[in-house]
There are 2 protein chains.
Amino acid sequence: MEPKRREIEVMANLLSSNDIQAEVNREHFRKNNCLAINVIGSPGAGKTSLLEKTLPLLIVDMHVGVIEGDIFTSRDADRISAHEVPVIQINTGGGCHLDSKMVSNAMPAFNWQATDLMVIENVGNLVCPADFDLGEAFKVIVLSIVEGDDKPAKYPVIFRNAKAVVLNKMDLEAFTDVNMENMKQDILAINPDIQIFEVSCRNGNGLERWTSWLRQAVKDYQGNKM
Amino acid sequence: MEPKRREIEVMANLLSSNDIQAEVNREHFRKNNCLAINVIGSPGAGKTSLLEKTLPLLIVDMHVGVIEGDIFTSRDADRISAHEVPVIQINTGGGCHLDSKMVSNAMPAFNWQATDLMVIENVGNLVCPADFDLGEAFKVIVLSIVEGDDKPAKYPVIFRNAKAVVLNKMDLEAFTDVNMENMKQDILAINPDIQIFEVSCRNGNGLERWTSWLRQAVKDYQGNKM
C-alpha cells in the first residue's frame, strides 16, 4: 500500500502549491489596484476575438494588460499586440491549462503602476482550467453558441465557478438548432448569480453591454466594493 | 532533491500503466476482429451528431458498438441509444479525458463475437485526450469549422496522431470568416497522411464519403490489411 499513499501525497502537494502561488498573485493584483480576470472557453469559442473587440472600447479610459496562454504558437498575442496594449504570450508546451506560477513568471513584463485591468486568456479548454486558480478576481467564460445548448449541463464545473459568461457568435443563431432559452436556463440552474451576455464579435451586437459591465467591475474593484 | 525525484517516478508510473492497459485493450480488439476508433474533438465539435448520422449508414451491413465518454451526464449515450446499437456511458467524474482502464471496465457490456466496429467518443477536449492511448486502432478528430482555421496550428499534437479529421458544420462556412484552404494546408503540413473529410451533419453533405471510408477501414482491419 505504501506506493499508493505516496502518490496521493504528491498530488496534494501539486494542488496546494498552485493555490499558494495564486494567493501571492491575488495579493499582487490587490496591492496594485488591478482587476485580474481569467478568461476560459473551448478552442474557437472566440476568446481572442472578444478581446480584440473589447480592448478598443476600454483603453479610452483605462490601462489594460493581456496575458495570452497557448499550447504552442504566439498567434493570439500577435493579434492582441495590434491593439496597442502590453501583451505577454505564455506557451505551456503541451500543457492543457495555465497555472499560477506561469502567470507569476509573466508579471515582471508589465508596468503595474499603470494597469487597471489584467486579462488572462487561458488555453482553449472547457475542462482543466476550471481547477487552477491563477489569483484572478473572477473567471469569465466565453462560449460559442454553435457549440450547442447542452454544453452548460455537460461542463458544469466551470459555469459554477464563473462570474460572467459571454455567449458568442449570436449572428449564427438562425443557422443552427441551438435553443437559447434552454441554454440560459441551464446556466442559471448551475449558477443563479452569473451574468449572461449575448454577443456577436462579428457584427458587434451586445459588445457595449458587456464592456460597460467589465468597466464597472474595474471601478468596483478599485473602489474596494469587490 | 528527494521529493522531486519521487514525483517524477510517480508520473512515469501513471503513464506507463495507461500504456500497458492500452496494449491489453488493443489485443482484445484484435482477437475479436473489431476495429476500435477513438473520436476526439472540442466541446460542441459535433462528435455525437456525426455518430448519429453515421450509425444508420453502417448498421445495414455491420455490427457497431459505442462507448460514450463524458464528464458528468449521460446525454450523449441517450442520443446514441435511439439508434439501436449497444452503448455504454463512461462518466469521468470531472476527468478531462478517457483512459485505457475506463475503456477496459466498459468491455464486459458488449457482445464481442458480434462487434465489427467499436466507436469510443472521448470527452470534449482538443488537448488532453491526445496523450492517452485507449488501445484503439486509430484516432479520428472532429473539428467544427466554426472554431476557426487557426486551430490545427494551435493544437498540433492531436492532428499529428490522427488518421482522419472530419471538418464538420460545413453548412456554416458562408457565414464565417474561416479560410478552408488555410485550414487544410495547416492540417496536411502537420500530418501529410491524414484523411480529410468535409461534412455537414445538418444537411448531410459529405457523410457518404466519410462513411464509405470508415466501412473500408473496418474491412481492411478485418482482412489484416491494417
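Residues numbered from 1 in each chain as written. Chains lettered and ligands numbered in written order. Predicted model: local features only at pLDDT ≥ 70, side-chain atom pairs only at ≥ 80, totals over all residues.

## Describing the overall build of chain A
Selection rule: A run of H or I in DSSP counts as a helix once it spans at least four residues, and a run of E counts as a strand once it spans at least two, with each numbered from the N terminus. As defined in this context, the radius of gyration uses C-alpha atoms, and a globule is described by 2.2 Å times the residue total to the power 0.38. Contact definition: two residues whose C-beta atoms, as placed from backbone geometry, lie within 7 Å.
Of the regular secondary structure elements, chain A holds 8 helices and 7 strands. For a compact globule of 226 residues, the expected C-alpha radius of gyration is about 17 Å, and chain A comes in at 18 Å, within 12% of that figure. Its C-alpha atoms give chain A principal-axis dimensions of roughly 60 × 45 × 35 Å. At a minimum sequence separation of 6, the contacts of chain A that also span at least 24 residues come to 75%.

## Regarding the sheet that holds strand E4 (residues 117-121) of chain A
Residues and elements named next belong to chain A. What counts is decided by this rule: Here the rule is simple: two strands pair whenever DSSP picks up at least two bridges between them. A fitted line through C-alpha atoms serves as each axis, taken over the contacting stretch for helices, and the angle formed by two N-to-C directions is quoted from 0 to 180°.
The 7 strands are arranged E3-E2-E4-E1-E5-E6-E7 in an open sheet whose pairing can be described as parallel. Across the chains shown, the open sheet's two edge strands, defined by having one partner strand only, are strand E3 (87-91) and strand E7 (195-198). On average, adjacent strands in this sheet sit at an angle of 20° to one another, irrespective of strand direction. The sheet contact formed by strand E1 (residues 35-40) and strand E5 (residues 138-144) spans 4 bridges and is parallel. Within E5, the position partnered with Asn 38 by the bridge is Lys 139. Its contacts with the sheet put helix H2 (residues 47-58) on E1, strand E2 (64-70), E4, E5 and strand E6 (164-168), and the angle it makes with E4 is roughly 170°.

## Observations regarding the sheet that holds strand E3 (residues 87-91) of chain B
Residues and elements named next belong to chain B. Taken together, the 7 strands give an open sheet; going across it, the order is E3-E2-E4-E1-E5-E6-E7, and neighbouring strands pair in parallel fashion. Among the strands making up the open sheet, the edge pair consists of E3 and strand E7 (195-198). On average, adjacent strands in this sheet sit at an angle of 20° to one another, irrespective of strand direction. Strand direction decides the pairing type here: strand E2 (residues 64-70) and strand E4 (residues 117-121), joined by 5 bridges, are parallel. If you follow Val 66 over to E4, its bridge partner there is Val 119. Strands in contact with helix H2 (residues 47-58) are strand E1 (35-40), E2, E4, strand E5 (138-144) and strand E6 (164-168); relative to E4, the strand with the most contacts, it is inclined by about 170°.

## Details of the interface of chain B and chain A
A common way to express how large an interface is: the accessible area buried when the components associate. Applicable threshold: Amino acids are sorted into nonpolar (Ala, Val, Leu, Ile, Met, Phe, Trp, Tyr, Cys and Pro), charged (Asp, Glu, Lys and Arg) and polar (every other residue, Gly among them).
Listed per partner, the contact involves 33 residues of chain B and 33 residues of chain A. Of all elements in the fold, only helix H1 (2-31), helix H5 (151-154) and helix H6 (156-160) of chain B reach the threshold of two or more residues within the side of chain B that touches chain A. Split by residue class, the side of chain B that touches chain A holds 16 nonpolar, 8 polar and 9 charged.

## With respect to helix H8 (residues 207-222) of chain B
All names here are of chain B. Let me state the cut-off plainly: Any helix carries an expected span of 1.5 Å times its number of residues minus one. As a rule, residues whose C-beta atom has 12 or fewer other C-beta atoms within 10 Å are exposed, those with 20 or more are buried, and those in between are partly exposed; C-beta atoms are placed from the backbone. Note: the arc covers the axis-to-C-beta directions of the helix.
Over its 16 residues, H8 extends 23 Å from the first C-alpha to the last, a length consistent with the 22 Å expected when each residue adds 1.5 Å. Restricting attention to buried positions, one finds in H8 the residues Trp 210, Leu 214, Ala 217, Val 218 and Tyr 221. Around the axis of H8, the buried residues are gathered within 100° of arc, so they sit on the same side. Pointing more than 90 degrees away from the buried face of H8 are the exposed residues Glu 208, Ser 212 and Gln 216.

## A few points about the packing of H2 of chain A against helix H8 (residues 207-222) of chain A
The geometry of a pair of packed helices is captured by two quantities: the angle between their axes and the separation between those axes. All names here are of chain A. Heads up, the condition is: These descriptions rest on fixed angle ranges, namely under 35 degrees for roughly parallel, over 145 for roughly antiparallel, 65 to 115 for roughly perpendicular, and the rest for oblique. The hand of a helix crossing depends on one turn: near helix anticlockwise from the far one by less than a right angle means left-handed, and clockwise means right-handed.
Direction vectors running N to C along H2 and H8 enclose 60°, while the axes themselves pass 10 Å from each other. When the axes of H2 and H8 are compared, the pair comes out oblique. Seen along the crossing, H2 lies across H8 with a hand that is right-handed. Contacts between H2 and H8 involve Lys 53, Thr 54, Leu 57 and Leu 58 from the first element and Leu 207, Thr 211, Leu 214 and Arg 215 from the second. Broken down by class, the residue content of the contact of H2 with H8 amounts to 4 nonpolar, 2 polar and 2 charged.

## Looking at unusual backbone geometry
All names here are of chain A. In the Ramachandran plot, Lys 169 falls in the positive-phi region, its phi being about 65° despite a non-glycine side chain. Locating Lys 169 in the fold gives a position in the loop between E6 and helix H7 (180-190). Accessibility expressed as a C-beta count within 10 Å gives 26 for Lys 169, which makes it buried.

## Quick look at the relation of the copies chain B and chain A
Under the convention used in this document: Only residues with pLDDT of at least 70 in both copies contribute their C-alpha atoms to the least-squares superposition of the copies.
Superposition record for chain B on chain A: RMSD 0.0 Å, screw rotation 180°, translation along axis 0.0 Å. This pairing of chains is accounted for by a two-fold axis. The overlap is high: 100% of the interface residues of chain B also sit at the interface in chain A, so the same surface is used on both sides.

## Overview of the confidence of the model for chain A
Where we set the bar: Each residue carries a pLDDT value, the predictor's own confidence for that position, ranging from 0 to 100.
When pLDDT is averaged across chain A, the result is 93; 93% of the residues are at 70 or more. This stretch, residues 1-8 of chain A, has a pLDDT under 50; its non-local contacts, to residues over four places away or in other chains, come to 3 contacts.

## Side note on the pairing of E2 of chain A
Residues and elements named next belong to chain A. The buried fraction of E2 is high, at 7 of 7 residues. Every second residue of E2 is oriented toward a common face, with Val 64, Val 66, Glu 68 and Asp 70 on one face and Gly 65, Ile 67 and Gly 69 on the other, all of them buried. Both E2 and E3 contribute to a ladder of 5 bridges, which runs parallel. By the bridge assignment, Asp 70 is partnered in E3 with Asn 91.

## Re the pairing of E7 of chain B
Residues and elements named next belong to chain B. What counts here: Crossovers are marked right-handed if the path from the first strand over the helix to the second runs clockwise, as seen with the strands pointing away from the viewer.
Two strands pair when backbone bridges link them, and E6 and E7 are joined in this way by 4 bridges, in the parallel orientation. Counted as the bridge partner of Ala 164 is Gln 195 from E7. Once the chain exits E6 it traverses helix H7 (residues 180-190) before rejoining the sheet at E7, and the crossover so formed is right-handed.

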